[in-house]
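Spelled out from the first residue to the last, the chains are:
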Amino acid sequence: MTIPIDSAEQRINQRLFETSLDLILVVDRKGTFVRASPSSMRILGYEPAEMIGLSAQRFLFPEDLDSTRREMRLARRRHESRTFDCRYVHKQGHVVPLSWKGVWSEPEEQYFFIGRDMTALLEIERQRHRSQRLEAIGQLTGGIAHDFNNLLSVIIGNLELAQRNLTDPEALHRLSRVEQAAIRGAELTSQLLAFARRQPLKSKVFDMNEVVAGTMDLLQRTLGDSITVQSRLDPKLTRTFADPTLFESALLNLAINSRDAMRGGGKLVVETLNATVDDNALKNGIDIPPGDYCVLSVSDTGVGMDADTLVRVFEPFFTTKAPGEGTGMGLSMVYGFANQSNGGVKIYSEPGLGTTVRIFLPCANADAATTTSNSRIVTPDAGGRERVLVAEDNADVREVVEAQLDDLGYRVSAVETGEAALELLKRDGPFGLLFTDVMMPGRYNGIDLARAALDVQPGLKVLLTSGFALAAIGSADAAGDEFPLLTKPYSRSELASKVRSVLDT
């Protein structure tokens, strides 16, 4: 027997109606639901029978009512398909964004609408915009921090030189207070560079469980008796590859943030676990590169955060604390550290339900080895008589470095550019050490200069200096293994120790 065409089409249409992942609604002239596809349960939380016979107005987000009515009138008047967006309210109360295609059928005197749930796509788009915003802020703050590091190098260097020539106790006390303020400024710029992913990292293989376990007593003392601190450490946790000192600092920052969110007391839970991020996770808005990770999870029972706060929570200097109670750099530092370590951060929070922050750090591969130092221990004021070639484009910094090295006994020649340094090396060498800033104008940055200088004088010792991490500078991806680095700003004793260590290596 041959099945009538109309009957076959009806069966196909019914099958599509029943299995559609999108929401299909049939609405009469007055805006009353005539039919609703089974997908209404998954998308809106309502069974089709709960919607049929009711006005669409009861389900529409109030602010979208007028625009939706306008689209319905245009579809009926022009007899054309309409594409528009509007929001429905889920049975549980949250808003569901939907992208609609609708048409009016004159013979049936009904509207036919197909709506696609845009929640996941909009979340991915929000994540992308948020990442772009944080990246832009990072570029700005990184540049500012670099300039401040040069200023602080000048301030700290001149203060230390001045203190060596003073005997008046009152004057020394005043200069000491200025120096402390400058050091505090250096800490803030370090946090800015952390957010901008331009801080120097000393990554190595370490056991996250050991670091967390060794920090628990400190956390309990820091948080006070009103907060219970618990740990749940995965005994099968893989070793991770990151900077253990900055990891511990990130853990402390998270714990202090949690303490401030639990003014009346509460519970802090620190967990470790293994996790894998795959392509499906990326589609769901997890903006962390695919791979295997060791995860630190810090959860509290504090006041939690609303959606508007979560959007800005990683921005530098953004804080919900009262004036004077925090710099707003804690979570920014955590964000920058995790991302610079080729990992990421996820935060989950709701008002009244507490907060969970998870730091994803890459698992160590089989070839990774624990970093060790071959530098011998030197005294803080160890100097020498070697010749040192200084290349620094900032005149104030160059003057201070020259004075500090001269005070340590070295014979110093200082130049402004890489070209001038090479010319002096060829004309007036040899030198014992090349001490060069990484960010240099002209043909040679510090790393290019170091490599060219070694061609002129093989065996020349090289020490780089910068306020940035080497990985943040274009051609410096492998330079961290090639040349040692002294991070700006540095004290006279740090300069003395590093220079002597490099010369004696």
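Residues numbered from 1 in each chain as written. Predicted model: local features only at pLDDT ≥ 70, side-chain atom pairs only at ≥ 80, totals over all residues. Heavy atoms only, no water.

### Comments concerning the overall build of the protein chain
- When you go through the protein chain residue by residue, the secondary structure sums to 16 helices and 17 strands.
- Across the 505 residues of the protein chain, 46% fall into the buried class.
- Taken as a whole, the protein chain presents about 26000 Å² of accessible surface, with 51% of it coming from carbon and sulfur. (Helix = DSSP H or I, 4+ residues; strand = E, 2+ residues; numbered from the N terminus. Buried < 20%, exposed > 50% of the residue type's maximum accessible area, 1.4 Å probe, protein only. Areas by Shrake-Rupley, 256 points an atom, 1.4 Å probe, with all protein chains shown as cover.)

### With respect to empty space enclosed by the protein
- Evaluation of the coordinates by the stated rule reveals four cavities of 30 Å³ or more.
- Its boundaries defined by the atoms lining it, the largest cavity holds a volume of some 90 Å³.
- What lines the largest cavity is Leu25, Val27, Phe33, Ala56, Leu60, Thr68, Met72, Phe84, Cys86, Tyr88, Trp100 and Phe113.
- Contributing elements (two or more residues each) for the lining of the largest cavity: strand E1 (23–28), helix H4 (65–78) and strand E3 (82–89).
- If one sorts the elements of the lining of the largest cavity by residue count, E3 sits on top with three residues. (1 Å grid on protein atoms, 1.4 Å probe; cavity = no way out; pocket = protein on both sides within 12 Å on 5 of 7 lines; lining within 4 Å. Points joined across faces, edges and corners; volume = space filled by probe spheres on them.)

### Focus: the sheet that holds E1
- Taken in spatial order, the five strands of this open sheet run E2-E1-E5-E4-E3, and their pairing is antiparallel. Only two strands of the sheet have a single neighbouring strand rather than two, namely strand E2 (33–36) and E3. On average, adjacent strands in this sheet sit at an angle of 30 degrees to one another, irrespective of strand direction.
- Examined bridge by bridge, E1 and strand E5 (residues 110–117) share six bridges and lie antiparallel to one another. Among the inter-strand pairings, Asp28 is bridged to a residue of E5, identified as Gln110.
- Sitting on the sheet, H4 touches E1, E3, strand E4 (95–105) and E5, and the angle it makes with E3 is about 145 degrees. (Pairing = 2+ DSSP bridges. Axes fitted to C-alpha atoms, helices over the stretch in contact; angles between N-to-C directions. Contact = heavy atoms within 4.5 Å.)

### Section: a positive patch on the surface
- Residues Arg69, Arg70, Arg73 and Arg77 make up a contiguous surface patch of positive charge.
- Mapped onto the elements of the fold, Arg70 is located in helix H4. (Patch = residues over 30% accessible without salt bridge, like charges linked within 9 Å, V, L, I, M, F, W, Y side chains within 5 Å. Salt bridge = Lys/Arg side-chain N within 4 Å of Asp/Glu carboxyl O. Lys, Arg positive; Asp, Glu negative; His and termini not counted. Charge placed at Lys NZ, Arg CZ, Asp CG, Glu CD.)

### Topic: a negative patch on the surface
- Taken together, the side chains of Asp396, Glu399, Glu402 and Asp406 make up a negatively charged region of the molecular surface.
- Within the element layout of this structure, Asp406 appears in helix H12 (residues 395–407).

### What about the sheet that holds strand E15 (residues 433–437)?
- Taken in spatial order, the five strands make up an open sheet running E14-E13-E15-E16-E17, and their pairing is parallel. One side of each edge strand has no neighbouring strand; the edge strands of this open sheet are strand E14 (411–415) and strand E17 (485–487). The mean inter-strand angle of the sheet, taken between neighbouring strand axes irrespective of direction, is 20 degrees.
- Bridge count for strand E13 (residues 387–391) against E15 is four bridges, and the pairing is parallel.

### Considerations on the confidence of the model for the protein chain
- The share of residues in the protein chain with pLDDT of 70 or more is 79%, and the mean pLDDT across the chain is 79.
- Scored below 50 in pLDDT, residues 469–480 makes 24 contacts in the model with residues more than four places away or belonging to other chains. (pLDDT = per-residue confidence, 0-100.)

### Overview of the nonpolar core
- One finds Met208, Val212, Phe247, Leu268, Leu296, Phe337 and Ile359 to be the most contacted residues of the largest nonpolar core, which totals 38 residues.
- Listing elements by their share of this core, those giving two or more residues are helix H7 (208–223), strand E7 (227–233), helix H8 (244–261), strand E9 (266–277), strand E10 (291–300), helix H11 (330–340), strand E11 (344–350) and strand E12 (354–362).
- When near neighbours in sequence (up to four residues on either side) are disregarded, Ile359 contacts Ala250, Leu254, Cys294, Val295, Leu296, Val334, Ala338 and Gly344.
- By size, the runner-up hydrophobic cluster in this structure holds 24 residues, among which are Ala36, Phe84, Tyr88 and Val96. (Core = buried A, V, L, I, M, F, W, Y, C linked by side-chain atoms within 4.5 Å.)

### Focus: the pairing of E13
- In terms of burial, E13 is largely enclosed, as five of its five residues are buried.
- Burial of the side chains of E13 extends over both faces: Arg387, Leu389 and Ala391 are buried on one face and Val388 and Val390 on the other.
- Where E13 lies against E14, five bridges are found, and the strand directions are parallel. Bridge pairing in E14 places Leu389 opposite Ser413.
- Viewed along the sheet, the connection from E13 through H12 into E14 turns out right-handed. (Right-handed = clockwise from strand over helix to strand, strands pointing away.)

### Focus on H7
- With 16 residues, H7 should reach 22 Å at 1.5 Å per residue; the first-to-last C-alpha distance of 21 Å fits that figure.
- The largest bend in H7 is about 40 degrees, located at Met216.
- For H7, the complete set of buried residues consists of Met208, Asn209, Val211, Val212, Thr215, Met216, Leu219 and Leu223.
- The N-capping residue of H7, defined by a side-chain oxygen 2.8 Å from the backbone nitrogen of Asn209, is Asp207. (Expected span 1.5 Å × (residues − 1). Bend = angle between axes of the 7 residues up to and from the residue. Polar contact = N/O pair within 3.5 Å; in protein donor to acceptor, adjacent residues only side chain to side chain.)

### Structural notes on a nonpolar patch on the surface
- Together, Phe148, Leu151, Ile155 and Val178 make up a nonpolar patch on the protein surface, roughly 350 Å² of accessible area in all.
- In terms of residue count, helix H5 (residues 119–164) provides more of the nonpolar patch than any other element does, three residues in total.

### Some remarks on the environment of Leu454
- On the secondary structure map, Leu454 appears in helix H14 (residues 446–456).
- The exposure class assigned to Leu454 is partly exposed, which follows from its relative accessible area of 26%.
- Not counting residues up to four positions away in its chain, the partners in contact with Leu454 are Gly459, Leu460 and Phe483.

### Details of the side chain of Thr215
- Note on placement: Thr215 falls in helix H7.
- Contacts of Thr215, omitting those with residues within four sequence positions, involve Glu248, Leu251 and Leu252.

### Here we look at the packing of aromatic side chains
- Counting across every chain of the model gives 10 aromatic pairs.
- Arranged with centres 5.5 Å apart and planes meeting at 55 degrees, the rings of Phe33 and Phe59 form a pair that is tilted. With Phe33 in strand E2 and Phe59 in the loop between helix H3 (48–51) and H4, the pair connects residues that are 26 residues apart, well separated along the chain. Exposure class is identical for Phe33 and Phe59. Each is buried.
- Geometrically, the ring pair formed by Tyr46 and Phe59 is edge-to-face, given 5.0 Å between the ring centres and 85 degrees between the ring planes. Here Tyr46 is found in the loop between helix H2 (39–44) and H3, whereas its partner Phe59 is found in the loop between H3 and H4, with 13 residues between them in sequence. Both residues of the pair, Tyr46 and Phe59, count as buried. (Phe/Tyr/Trp six-rings, centres within 6.5 Å; stacked < 30°, edge-to-face > 60°.)

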